[in-house]
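# Breakdown of the fold
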Amino acid sequence: MNLRFFGLRRAAAIGLTTLLAFALVACSSDDGSSTPASEAPAGSQAAGGNGGTATVSNGEVTITAADLAFDASTIEAPAGEAFTITLVNNDSAPHNISIFTEKDGDAIVQGEVINQGETVTIEVPAQEAGEYYFHCDVHPDMSGTVVVG
Ligand SMILES: [Cu+2]
């Protein structure tokens, strides 16, 4: 009686283990198939992730600040044409955008510092082709390159 009971319990335990193993495999294969989908949209709204490129279109471009980062680390602009940068601050910290001839170089434009929920548009005079530097004066680590060409 006792032996038989033990045998049943053991069979149940093995069955449970098999089920658990199956569930684990099912879960991990789910993870595997969902990973490529989340990586897919390149250049879409990667909030907080540096590395995006924002391109001036019709003389304007919008940059969003969130989680102490701009949504683009490269701003592409046409040479010899003035353009505007609209900064949207979705962060709890204040931010601005200033553009310099190079890192630690002369300021070309110093944007107004704005707080959460605010938006400011700064005007950038026409530049020659080349690479320029931008950052937030409050958080100089928030920086990137203006590629004019
Ligand atoms: Cu900032």
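Nothing here was measured: the structure is a model prediction, and the numbers come from that model. (Residues numbered from 1 in each chain as written. Predicted model: local features only at pLDDT ≥ 70, side-chain atom pairs only at ≥ 80, totals over all residues. Heavy atoms only, no water.)

## Some remarks on the overall build of the protein
This is how the line gets drawn: Numbering of helices and strands starts at the N terminus; helices are DSSP runs of H or I of at least 4 residues and strands are runs of E of at least 2. The contact definition used throughout considers only heavy atoms, calling two residues in contact when any of these lie within 4.5 Å. Areas reported here follow the Shrake-Rupley algorithm with a probe of radius 1.4 Å; residue values treat only the protein chains shown as occluding.
Summing up its helical and strand segments, the protein has one helix and 10 strands in all. Listing every helix and strand of the protein by position from the N terminus yields α-β-β-β-β-β-β-β-β-β-β. Across the protein, the fraction of contacts at a sequence separation of at least 24, relative to all contacts at a separation of at least 6, is 53%. Total accessible area on the protein is roughly 9400 Å²; 54% of this is exposed by carbon and sulfur atoms.

## Re the sheet that holds strand 2 (residues 60-66)
Which entries qualify depends on this criterion: At least two DSSP bridges between two strands are required for those strands to pair.
Ordered in space as 3-2-5-8, the four strands form an open sheet in which the pairing is mixed. At either end of the open sheet lies a strand with only one pairing partner, and these are strand 3 (69-70) and strand 8 (119-124). Alignment of strand 2 against strand 3, held across two bridges, turns out to be antiparallel. For A66, the partnering residue across the bridge sits in strand 3 and is A69.

## Here we look at the sheet that holds strand 7 (residues 107-110)
Note the threshold: All axes are obtained by fitting lines to C-alpha atoms, using only the stretch in contact for helices, and the reported angles, taken between N-to-C directions, cover 0 to 180 degrees.
What the six strands build is an open sheet, ordered 1-4-10-9-6-7; its pairing is mixed. Edge positions in the sheet fall to strand 1 (53-55) and strand 7, since each of these pairs with one other strand and no more. Strand-to-strand twist of the sheet, defined as the mean angle between neighbouring strand axes without regard to direction, takes the value 20°. As defined by bridge partners, strand 4 (residues 74-77) adjoins strand 10 (residues 143-148) across four bridges and the pair is classed as parallel. Bridge pairing in strand 10 links T74 to T145.

## Topic: the nonpolar core
Operational definition: Throughout this description, the term nonpolar core refers to a set of buried Ala, Val, Leu, Ile, Met, Phe, Trp, Tyr and Cys residues connected via side-chain atoms within 4.5 Å. Relative accessibility under 20% of the residue-type maximum defines a buried residue, over 50% an exposed one, and the middle range a partly exposed one, all with a 1.4 Å probe and only protein chains included.
By size, the foremost hydrophobic cluster in this structure holds 25 residues, and its most contacted members are I63, F70, I85 and I97. Those elements that place two or more of their residues in this core are strand 2, strand 4, strand 5 (83-89), strand 8, strand 9 (130-135) and strand 10. Aside from chain neighbours lying at most four places away, what touches I63 is A54, F70, D71, A72, I75, I85, T86, L87, V88 and I97.

## Here's the deal with the confidence of the model for the protein
Spelled out, the test is: Confidence scores labelled pLDDT are given residue by residue by the predictor and lie between 0 and 100.
With 66% of its residues at a pLDDT of at least 70, the protein reaches an overall mean of 80. Considering only residues more than four positions removed or in separate chains, one finds that residues 11-49, a stretch of pLDDT under 50, has four contacts.

## Concerning the coordination of the copper ion
Quick note on the threshold: Counted as coordinating are nitrogen, oxygen and sulfur atoms within 2.8 Å of the metal, or 3.2 Å for Na, K and Ca, while water is not included, which may make sites look incomplete.
Ligation of the copper ion by protein atoms is provided by H95 (ND1), C136 (SG) and H139 (ND1), these donors lying 2.0 to 2.1 Å from the ion. Motif for the copper ion, donor spacing along one chain: H-x40-C-x2-H. What makes C136 buried here is its relative accessible area of 0%. H139 sits in the partly exposed class, given a relative accessible area of 21%.

## Points about the pairing of strand 5
The buried fraction of strand 5 is high, at seven of seven residues. Neither face of strand 5 is left uncovered, since the one carrying F83, I85, L87 and N89 and the one carrying T84, T86 and V88 both have all their residues buried. The pairing of strand 2 with strand 5 spans six bridges and is classified as parallel. Looking across to strand 5, one finds that T64 is bridged to V88.

## Notes on the packing of aromatic side chains
Threshold: Note on aromatic pairs: the rings of Phe, Tyr and Trp (six-membered ring only in Trp) are paired at centre separations within 6.5 Å, and the planes decide the class, stacked below 30 degrees, edge-to-face beyond 60, tilted for the rest.
Overall, the coordinates contain one aromatic pair when judged by the stated rule. Seen from their ring centres, F70 and F134 are 5.8 Å apart, and the 50° between their planes marks the pair as tilted. Taken as a pair, F70 in strand 3 and F134 in strand 9 lie far apart in primary sequence, 64 residues in all. For the pair formed by F70 and F134, the shared burial category is buried.

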